[in-house]
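# An overview of the molecular structure
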Amino acid sequence: MDILELYIKSFSAIFGLLVGSFLNVVILRVPRNQSIVKPRSSCPKCHKQIKWYENLPLVSYILLRGKCSHCKAKISWRYPLIEALVGLISLLLAPSSLNIEAWLNYIFYFSLACVFLAHFVIDVEHQLLPDKINLFFLIISIPYVLINFPLYHWLVGGLIGFLGPLGVTYFYYKLRGQLGLGGGDIKFFGILGLILGPVGILNNIFMSCMLGSIVGVVMILSKKLDKDVPFAFGPFIIIVASLQIFFPEVVELISPVGL
Ligand SMILES: [Zn+2]
């Protein structure tokens, strides 16, 4: 590794840690419809404002030993975990040279990974894929697909991703009188369709439904889940999409048609 690569990788990791810290704010506030800019973060227990040096990703958690400096309330381990994870993702995705095209790809894939992570945690916690995050996802995806894919790929993929799940949800509603998928899931599928294309999105719908059904049945049987309580489906879409986008070799092993 030469010195330039070392600089780039260190910078990318630190940048990722900072974005991870911001992503914690997004995950906490967006589902509650609060601003992600103001006010500054404060301790949820004693409401003391957190100073900038108490808010350094990872470092502050370690120095504060996971407790609020004022009231000693425990800080959730989720914060440093997400910071570390986003730092690692940035490090792994960062190109090792200064090639512009590689960096444009990095911006897209790093943003995509952040969208996946935020959606995942928020959906598990609130059974919701917020519109604001879907809108951000759409905005970063449009230039990427216009540059990288032919019209048919993103147009047909997007239509299948949006109309397929919408149709299924409609029939499910007619049949059972309840919604199978939430509006957030349908919009998310639609945007993913732009990126994955027709075959990829069909694969995703099929595999995430399989995975969700298996996990759902296991959880109902083991009484971890009440079958009348809404069930977060987003994480299954995200797990499958992450495999398709970041680990296509794995998908080829599982799926006969590949990506
Ligand atoms: Zn406190």
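Conventions used here
Residues numbered from 1 in each chain as written. Predicted model: local features only at pLDDT ≥ 70, side-chain atom pairs only at ≥ 80, totals over all residues. Heavy atoms only, no water. Helix = DSSP H or I, 4+ residues; strand = E, 2+ residues; numbered from the N terminus. Rg over C-alpha atoms; globule rule 2.2 N^0.38 Å. Buried < 20%, exposed > 50% of the residue type's maximum accessible area, 1.4 Å probe, protein only. Contact = heavy atoms within 4.5 Å. Areas by Shrake-Rupley, 256 points an atom, 1.4 Å probe, with all protein chains shown as cover. Expected span 1.5 Å × (residues − 1). Bend = angle between axes of the 7 residues up to and from the residue. Donors = N, O, S within 2.8 Å, 3.2 Å for Na, K, Ca; no water. Tetrahedral: all angles 85-135°; square planar, octahedral: opposite > 155°, others 65-115°. Domains from an automatic or database assignment. Buried area = accessible area lost by both parts, 1.4 Å probe. Salt bridge = Lys/Arg side-chain N within 4 Å of Asp/Glu carboxyl O. Core = buried A, V, L, I, M, F, W, Y, C linked by side-chain atoms within 4.5 Å. Lys, Arg positive; Asp, Glu negative; His and termini not counted. Patch = residues over 30% accessible without salt bridge, like charges linked within 9 Å, V, L, I, M, F, W, Y side chains within 5 Å. Charge placed at Lys NZ, Arg CZ, Asp CG, Glu CD.

## Remarks on the overall build of the protein
- Broken down by element type, the protein carries 9 helices and 0 strands.
- Of the regular secondary structure in the protein, the N- to C-terminal order runs α-α-α-α-α-α-α-α-α.
- What you see for the protein is a C-alpha radius of gyration of 20 Å, in line with the 18 Å of a compact globule of 259 residues.
- Structurally, the protein occupies a C-alpha span of about 55 × 50 × 30 Å along its principal axes.
- Within the protein, the fraction of its 259 residues that count as buried is 40%.
- The long-range fraction of contacts in the protein, counting pairs at least 24 apart against all pairs at least 6 apart in sequence, stands at 66%.
- Surface summary for the protein: the accessible area is close to 15,300 Å², and the carbon and sulfur share equals 71%.

## A closer look at helix α7 (residues 183-221)
- With 39 residues, α7 should cover 57 Å at 1.5 Å per step; its first-to-last C-alpha distance of 27 Å lies more than 12% under that length.
- A bend of about 125° at G197 is the largest found in α7, and the proline P198 appears one to four places after it.
- Backbone geometry just after α7 places K223 at a positive phi near 60°.

## Here we look at the coordination of the zinc ion
- Within the protein, the atoms that donate to the zinc ion are C43 (SG), C46 (SG), C68 (SG) and C71 (SG), at distances of 2.3 to 2.4 Å.
- Around the zinc ion sit 4 donor atoms; with metal-centred angles ranging over 105 to 113°, the donor geometry is tetrahedral.

## Quick notes on the domain arrangement of the protein
- As far as domains go, the protein holds domain 1 (1-98) and domain 2 (100-259).
- Taken over C-alpha atoms, the centre of domain 1 sits 26 Å from the centre of domain 2.
- At the interface, 23 residues of domain 1 touch 19 residues of domain 2.
- Contact between domain 1 and domain 2 buries roughly 1,700 Å² in total, counting both sides, with carbon and sulfur atoms accounting for 79%.
- Taken as a group, I27, P31 and L93 account for 28% of the area that domain 1 buries against domain 2, more than any other trio of residues on that side.
- Remark: the boundary between domain 1 and domain 2 carries 1 salt bridge.
- Residue R78 is joined to E125 by a salt bridge in which the shortest nitrogen-to-oxygen separation is 2.9 Å.

## Section: the side chain of S21
- Considering the arrangement of structural elements, one finds S21 in helix α1 (residues 3-29).
- The contact partners of S21, leaving out residues within four places of it in the chain, are N55, P57 and E83.

## Some points on the nonpolar core
- Judged by nonpolar contacts, the single largest core of 45 residues is most densely connected at L23, V86, F116, F137, F188 and L192.
- Going through the elements one at a time, α1, α3 (78-93), α4 (100-126), α5 (131-148), α7 and α8 (234-246) are the ones with two or more residues in this core.
- Residue contributions to this core peak at 12 residues, all from α4.
- For this core, the two domains that each supply at least three residues are domain 1 (1-98) and domain 2 (100-259).
- Setting aside residues up to four positions removed in sequence, V86 forms contacts with G16, V19, G20, L23, F110, C114 and L117.

## Observations concerning the side chain of D123
- Residue placement: D123 occurs in helix α4.
- R78 provides the closest opposite charge to the buried, salt-bridge-free D123, at an N-O distance of 13 Å.
- Among all residues touching D123, those that are not within four sequence positions of it are L128, L129, D185, A232, F233, G234 and P235.

## Quick notes on a nonpolar patch on the surface
- Together, M1, I3, L4, L6, Y7 and L98 line one region of the surface with nonpolar side chains, adding up to about 700 Å² of accessible area.
- Tracing the chain through its elements places I3 in helix α1.

## Looking at α5
- The terminal C-alpha atoms of α5 lie 25 Å apart, and with 18 residues this matches the ideal 26 Å at 1.5 Å per residue to within 8%.
- Burial in α5 covers these residues: I133, N134, F137, I140, S141, Y144 and V145.
- Turning to α5, the residues buried within the fold contact α1, α4, α6 (151-176) and α7.

## Quick word on a positive patch on the surface
- A cluster of basic side chains, namely R65, K67, K72 and K74, defines a positive patch on the protein surface.
- Positionally, R65 belongs in the loop between α2 (59-63) and α3.
- On the basis of relative accessibility, which here comes to 69%, the residue R65 falls in the exposed class.

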